[in-house]
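Fold and contact review
Okay, here's what each chain looks like letter by letter:
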Amino acid sequence: MYAPRVVTHFERFGLSDEQLRGMLHTMLMQRTLENRGFQLNRQGKIPFASASEGHEAVQAGAAMAFERGRDILVPYYRDLGLDLGIGLTPYEVLLSLFARAADHSGGRQFPHHYASKKLGRFTISSIIAAQTAHAVGAAYAIKLREERGRAVLTTFGDGATSEGEWHEAVNFAAIHKLPVVLLCENNEWAISTPQSKQMAVRDIYKKAAGYGIPGALVDGFDPIACYGAVRAAMQRARSGDGPTLVEAKCYRFLSHTTDDDDRTYRTREEVEERRKDDPVPKFERFLLENAILSSADLEDLRAQVLAEANDATDRAELMPYPLPSDLYAQVHAGPWEPWQ
Amino acid sequence: MAVASPSKVMTNVEAVRSTLYDALKRDDKAVILGEDVGNRGNVFLITKGFIEEFGPERIIDTPIAEASIVGIAVGMAMEGLRPIAEIQFADFIYPAFNQIVGEAAKTRYRSNGEYTCPMVIRTPYGGGVRGALSHSVSVEALFYHVPGLKIVVPSTPRDIKGLLNAAIEDPDPVLFLEHKRTYRLIKDDVPDEYFTIPIGKANITQEGTQLTVVSYGLYAHQSLEAARKLQDENLSVEVIDLRSVRPMDRNAILDSVRKTHKLLIIHEDNKFGGVGAEISAMVAEEALFELDAPIRRLCCPDVPAMGYALPLEEEYMISTDRMAEEMRAMVRF
């Protein structure tokens, strides 16, 4: 039997035990499904998978600050945990990995490029920072219609902040005090390029000062702190006080994608050193130590996540591919003509 | 007897202005964003007075940042507004290429129809105004390669009204190109009532039997003028104003070629890989044996841009006389 230690006091920003366990569930599911993507790729079952290991805490925390049915999420492609956290199912994730017809993009897009009006989840491309302007445009629409209480959460990596489009979008959001939260998941690497070669500053959140908006720094390995920071920024946005740039410092433990090999640009020692801080086991320990979860509960939760992932994999794999004729659908409204 | 519906004579630039005004009046989801569209009322005064009437929330003076003018409009469109984005001159559109080609044109496709991008990007283009390298370009060929994007190139006030209304109504992104030399040069009667002209429908501006001339924009006017001159010489030229380059009215072109058996394409954009290349290929594929003469393309030269100095601009642009000369040669071929 697991004997809980004395409960330590911690800032939980009003999160219930159930919500804390829910965040762990999202984190475990994200890790399991990302690993599943790599496994399926190595088995030759899918052509490609991407990796978000190391981003679980910031995404679970940010998702908890998102109000379903009200807010809009404009994420990037390394945001599986955010998608799961706002209600995407493991089955939808596997449909995307297997590029099946029932996938949100109809099997057209790379994995994790979902689009769901029901979830308030915008369609995105893989082009870095292209979505930042879309988030700002959506925030403008919310403000124009005076829909107080709604906000846009948009995310990107450290690499995106180098793009001119990112700068333009943040600047516009600041000028118009738009209800948008700009969450940077700084994992220190733009594929193979370290932050030191991307910018001459260490802290991305400080760039906020250049736009006249607040910037906030948060430990991206701490889901509760991330929840607190993103929630505060979302509340600020929802009450009409304008945008916030939040920087969550995290790390990418795996290669960029299944087509990348990070041994070519960083040492195993570096990665192993950072692994010691892995947010998933860390949060498990935290919940155990604070008696929010028993070891039996944790075993159950892990088993439940694995069963859900397996079930989703089995069901999605059986689903059909898109038809060749689907290539011609949704080019624009109405039937496709080669001269359109 | 049909009663003539009320109408007004206006220039091309007045037609753009009045159509935009009506759109803003009709639909409070419509917003205009761009550089100097608010207080200045656009560099051609197209939106003058709009900011006072519709407010700065709907007439948005943006920073000088074309990529985000389009990118923000994409986000607005996905969230239910009807943005009309303005690129001050077509020459400034290149920074927005990613947002137009990579984002707006693919929104519907990549989300399998879950999200759409109903937006208009308006921009003045074209030369003959001493606009030099950066205020004279034609950009249609850079965009007409892109499935999912519609490109409209109207030449008359009536077409501007009908096609701009159609573009604003369209559920997908439309690039709306306005030839700035025609802005104050071309004047015509425009019905007061609301109407649309289908995007992708050409206009046969003169019927004829001996040669088909396909053109658009400023040169739709000059080619018509040249064809009229040739009437005095008893030469019969059919003139087609394309009005849209994508979708392209292939039936109008093919039907005409099947009648005249000769095809001349005239456009201001340079020849290599231009719209004329696509029309030539289409006619060669579909109606080669209808042709009694090789297809000809009269286009501006393949140099980076027209020069500022008058002789350089004149050398670049095609005169009405040159058009007439080319038409004569083809009829007599």
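Model, not experiment: these values are computed from the prediction.

Brief notes about the overall build of chain A
- Scanning chain A from terminus to terminus reveals 11 helices and seven strands.
- The C-alpha radius of gyration computed for chain A amounts to 20 Å, which stays within 12% of the reference 20 Å derived for 340 residues, consistent with globular compactness.
- Over its C-alpha atoms, taken along the principal directions, chain A stretches across nearly 70 × 50 × 40 Å.
- Buried positions account for 51% of the 340 residues belonging to chain A.

Here's the deal with the overall build of chain B
- Broken down by element type, chain B carries 13 helices and 14 strands.
- Projected onto its principal axes, the C-alpha coordinates of chain B cover approximately 60 × 50 × 45 Å.
- Considering chain B as a whole, with its 333 residues, one finds that 57% of them fall into the buried category.
- The long-range fraction of contacts in chain B, counting pairs at least 24 apart against all pairs at least 6 apart in sequence, stands at 80%.

Remarks on the nonpolar core
- Counting 201 residues, the largest nonpolar core has Val136(A), Val180(A), Val181(A), Val230(A), Val246(A) and Met327(B) as its most contacted members.
- The element best represented in this core is helix α5 (residues 130-144) of chain A, accounting for 10 residues.
- When we break this core down by domain, the ones giving at least three residues each are domain 1 (7-191) and domain 2 (203-332) of chain B.
- Once residues within four sequence positions are removed from consideration, Met327(B) is found in contact with Leu211(B), Val213(B), Ala226(B), Ala227(B), Leu230(B), Val237(B) and Leu264(B).

Side note on the packing of helix α1 (residues 17-42) of chain A against helix α2 (residues 56-64) of chain A
All names here are of chain A.
- One can describe the packing of α1 onto α2 by two numbers: an axis separation of 9 Å at closest approach and a directional angle of 135 degrees. In terms of axis orientation, α1 runs oblique to α2. Where α1 crosses over α2, the two elements pack in a sense that is right-handed. When α1 is examined against α2, the residues Gln19, Met23, Thr26, Met27, Gln30 and Arg31 are found in contact with a partner set consisting of Glu56, Ala57, Gln59, Ala60, Gly61, Ala63 and Met64.

Notes on the domain arrangement of chain B
All names here are of chain B.
- What the domain assignment lists for chain B is domain 1 (7-191) and domain 2 (203-332).
- Summarising the inter-unit geometry, the C-alpha centres of domain 1 and domain 2 are found 26 Å apart.
- The interface of domain 1 with domain 2 comprises 25 residues on the first partner and 25 residues on the second.
- When contributions to the side of domain 1 that touches domain 2 are tallied by element, the ones reaching two or more residues are α6 (140-143), β6 (150-152) and α7 (157-169).
- At three residues, β6 tops the list of elements feeding residues into the side of domain 1 that touches domain 2.
- Here the side of domain 1 that touches domain 2 is composed, by residue class, of 12 nonpolar, eight polar and five charged.

The rules behind the values
Residues numbered from 1 in each chain as written. Chains lettered and ligands numbered in written order. Predicted model: local features only at pLDDT ≥ 70, side-chain atom pairs only at ≥ 80, totals over all residues. Helix = DSSP H or I, 4+ residues; strand = E, 2+ residues; numbered from the N terminus. Rg over C-alpha atoms; globule rule 2.2 N^0.38 Å. Buried ≥ 20, exposed ≤ 12 C-beta atoms within 10 Å, placed from the backbone. Contact = placed C-beta atoms within 7 Å. Core = buried A, V, L, I, M, F, W, Y, C linked by C-beta atoms within 7 Å. Domains from an automatic or database assignment. Axes fitted to C-alpha atoms, helices over the stretch in contact; angles between N-to-C directions. Parallel < 35°, antiparallel > 145°, perpendicular 65-115°, else oblique. Left-handed = near helix turned anticlockwise from the far one by under 90°. Nonpolar A, V, L, I, M, F, W, Y, C, P; charged D, E, K, R; others polar.

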